[in-house]
Amino acid sequence: MSSEIERLAAAVERLRDVHRIQNLMSRLTYLNEVGAFEEILGQFAQKTPGVTVEIGKRGVFEGLEGARKTVVDIGNLMREAHNGGMREAFPGAAEMAGFQENQALGSPMIEVAGDGKTAKGLWSAPAAQTQFSPEEGRPAAFWVWIKFAVDFVQEEGEWKIWHYHLLPMFRTGFEESWVESSLVPLKPPAGFPEPDRPSTEYVSPYSIYTAPKYLPRPPEPYETFDDTFSY
Amino acid sequence: MTSDKTLAEEVRRLKDVHRIQNLMGKYEYLHVAGWHKESVDLFAQHTPETLLEIADIGVYAGIDSIRRFYILANKFAEGDDRLGHLHLHTLTTPVIEVAGDGETAQGVWVSPGVETSPAQALWAWVKYGVDFVKEDGDWKFWHFHIYRIFMTPPGRSWTEGNARPPRSLPDEIKPDRPNTYRWIYSFDTATENVPAPPEPYETWDESRAYVK
């Protein structure tokens, strides 16, 4: 095979990888919408050391066990809290009736390493979320905005999530400005697990007391993972 | 070893993903501009069973029926009557799969948006599930399905009920058949994995269609 063909073949593979990574992230949000958390966990690297999940200032959770605590356990916690409230307020309500979460991945920036073994992606995601509010005694609607900063790794020919960093920007009641709601700090749900270590590159959610930062850093082209930073 | 032919196929398929994303984007920009006649040109013109399904309304079968809908349903807002109208449907969260044989493709998107007239502003989130077909070398919409998530005026939660669609349409805009799927947020119904994101596939079969 000519060197030109080899070069083109490698370029094609990198382009395919960009598409696969976007599909992987998008698929995660569709799975999250219906609470398919075990399937989401299956999208994390199963054999590669150093899996992490970091959520805002809640800390870093390490390994697949950390991913299970955050992705599966917290997800189920929120859904069960919703179901519990609904069963009490609306006896006979169907399982998960009234719960809704749509995350819309926008502004993608994806870089695949020159060696094809890792990749990085950054997304800005407006979201609409609806869950039972104990204060209101019924489902309440929220506007949410999150950034996703993710490192990916190849395992047996498939892209998997390696470092998964969620940065909440704001969460506000549907009728309330996020300027107003930022005056009350966001609280984690009851039962939120303890992290394995503190947060790394923390980005404050919206606040009238903080200025915007160029964080998380968008990925730049790179050759091997040693040449870049970790999310 | 990668042959020239295999490489060419891979490049073609990757270009197809890009063209499909651009085709959907073009549809949205035409929609924003109110260029509804031009929207019809993006649909398959001579492939059998070109279908448009719109949540709460129904299914339009065939290109002539689709043209009837786009042009007549928007007749209320022509010329100066368009002042104050704004329909924005942002395409996000794409999952696009092109068939191995390169003849069809599928895609889903989540779309946060607004629908605005001088009389009313609405937050309108929808999902798209679209089947594409190649016609004369160009990608076209084959089965185009718009699914509601919620539709609500600012200041009112979608948990308090969605803005209602028109109770009945004039005969000239009525669909050819009822919806195949109906869902909009309400607190007594659960979310379903619809439209399900497409999986990689080799050739088309009708069971995967986003409008059946």
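Note that the coordinates shown come from a computational prediction; the quantities given were computed from them, not determined experimentally.

Caption draft 1: Focus on the overall build of chain A. If you tally the helices and strands in chain A, you get 4 helices and 7 strands. From first element to last, N terminus to C terminus, chain A shows the α and β order α-α-β-β-α-β-β-β-β-β-α. Relative to the 2.2 N^0.38 estimate, which gives 17 Å for 231 residues, the radius of gyration of chain A is 19 Å and therefore close to what a compact globule would have. In terms of overall dimensions, chain A has a C-alpha envelope of 70 × 40 × 30 Å along the principal axes. Here chain A holds 231 residues, and the buried ones make up 51% of them. At a minimum sequence separation of 6, the contacts of chain A that also span at least 24 residues come to 64%. With an accessible surface of roughly 10,900 Å², chain A has 56% of that area assigned to carbon and sulfur atoms.

Caption draft 2: Molecular detail of empty space enclosed by the protein. Residues and elements named next belong to chain B. Following the criterion strictly, the structure yields 1 cavity of 30 Å³ or more and no others. Roughly 90 Å³ of volume is contained in the largest cavity. Along the wall of the largest cavity there are 13 residues; nearest its centre are Tyr147, Arg148, Tyr181, Trp183 and Val194. Of all the elements, strand E8 (residues 138–152) adds the most residues to the lining of the largest cavity, at 4 residues.

Caption draft 3: Region of interest: the pairing of strand E2 (residues 58–61) of chain B. Residue and element names in this part refer to chain B. Here 4 bridges tie strand E1 (residues 51–54) to E2, and the two strands are oriented antiparallel to one another. Bridge pairing in E2 places Glu53 opposite Val59. Hairpin connection from E1 to E2: 3 residues lie between these consecutive antiparallel strands, with Asp56 at a positive phi of about 70°.

Caption draft 4: View of a negative patch on the surface. Taken together, the side chains of Glu135(A), Glu136(A), Glu175(A), Glu176(A), Glu180(A) and Glu160(B) define an acidic patch exposed on the protein surface. Along the polypeptide, Glu176(A) turns up in the loop between strand E7 (158–173) and helix H4 (178–181).

Caption draft 5: Representation of the interface of chain A and chain B in the model. Opposite the 41 residues of chain A that make contact, chain B presents 41 residues. Buried area between chain A and chain B, both sides added, is near 3,300 Å², and the carbon and sulfur share of it is 67%. Joining chain A to chain B, the criterion identifies 3 salt bridges. Our count for the chain A to chain B interface comes out at 18 residue pairs in polar contact (both at pLDDT 80 or more). Among the elements of the structure, helix H1 (3–33), strand E3 (100–103), strand E5 (118–133) and strand E6 (138–155) of chain A are those that each provide at least two residues to the side of chain A that touches chain B.

Caption draft 6: Inspection of the pairing of E7(A) at higher detail. Residues and elements named next belong to chain A. Most of E7 sits inside the fold, with 13 of its 16 residues counted as buried. Here 4 bridges tie strand E1 (residues 52–55) to E7, and the two strands are oriented parallel to one another. Counterpart to Thr52 in the pairing with E7 is His163. With 14 bridges joining them, E6 and E7 adopt antiparallel strand pairing. Note on E7: the bridge partner recorded for Gln154 is Trp159. Here E6 hands over to E7 after 2 residues, with Glu156 in that stretch at a positive phi of 50°.

Caption draft 7: Here's a closer look at H1(A). With 31 residues, H1(A) extends 45 Å from end C-alpha to end C-alpha; this agrees with the ideal 45 Å at 1.5 Å per step. Once H1(A) finishes, Gly35(A) follows within two positions and takes phi at roughly 70°, a positive value.

Caption draft 8: Focus on the nonpolar core. The biggest cluster of nonpolar side chains holds 43 residues, and the ones touching the most others in it are Met25(A), Phe44(A), Trp123(A), Phe148(A), Phe152(A) and Tyr164(A). Of all the secondary-structure elements, those providing two or more residues to this core are H1, helix H2 (37–41), E1, helix H3 (63–89), strand E4 (106–112), E5, E6 and E7 of chain A. Sorting elements by how many residues they give to this core places E6(A) first, with 8 residues. With 31 residues, the next largest nonpolar core counts Tyr27(B), Phe43(B), Ile96(B) and Tyr128(B) among its residues.

Caption draft 9: Region of interest: unusual backbone geometry. A cis amide bond, omega -5°, links Val194(B) with the succeeding residue Pro195(B). Within the fold, Pro195(B) resides in the segment after E8. In this structure, Met96(A) takes a positive phi of about 65° despite not being glycine. For Met96(A), the position within the fold is in the loop between H3 and E3. For Met96(A), a relative accessible area of 9% corresponds to the buried category. Phi is positive for Ser107(A), which is not a glycine, with a value near 50°. Position of Ser107(A) relative to the elements: it lies in strand E4.

The rules we used
Residues numbered from 1 in each chain as written. Chains lettered and ligands numbered in written order. Predicted model: local features only at pLDDT ≥ 70, side-chain atom pairs only at ≥ 80, totals over all residues. Heavy atoms only, no water. Helix = DSSP H or I, 4+ residues; strand = E, 2+ residues; numbered from the N terminus. Rg over C-alpha atoms; globule rule 2.2 N^0.38 Å. Buried < 20%, exposed > 50% of the residue type's maximum accessible area, 1.4 Å probe, protein only. Contact = heavy atoms within 4.5 Å. Areas by Shrake-Rupley, 256 points an atom, 1.4 Å probe, with all protein chains shown as cover. 1 Å grid on protein atoms, 1.4 Å probe; cavity = no way out; pocket = protein on both sides within 12 Å on 5 of 7 lines; lining within 4 Å. Points joined across faces, edges and corners; volume = space filled by probe spheres on them. Pairing = 2+ DSSP bridges. Patch = residues over 30% accessible without salt bridge, like charges linked within 9 Å, V, L, I, M, F, W, Y side chains within 5 Å. Salt bridge = Lys/Arg side-chain N within 4 Å of Asp/Glu carboxyl O. Lys, Arg positive; Asp, Glu negative; His and termini not counted. Charge placed at Lys NZ, Arg CZ, Asp CG, Glu CD. Buried area = accessible area lost by both parts, 1.4 Å probe. Polar contact = N/O pair within 3.5 Å; in protein donor to acceptor, adjacent residues only side chain to side chain. Expected span 1.5 Å × (residues − 1). Core = buried A, V, L, I, M, F, W, Y, C linked by side-chain atoms within 4.5 Å.

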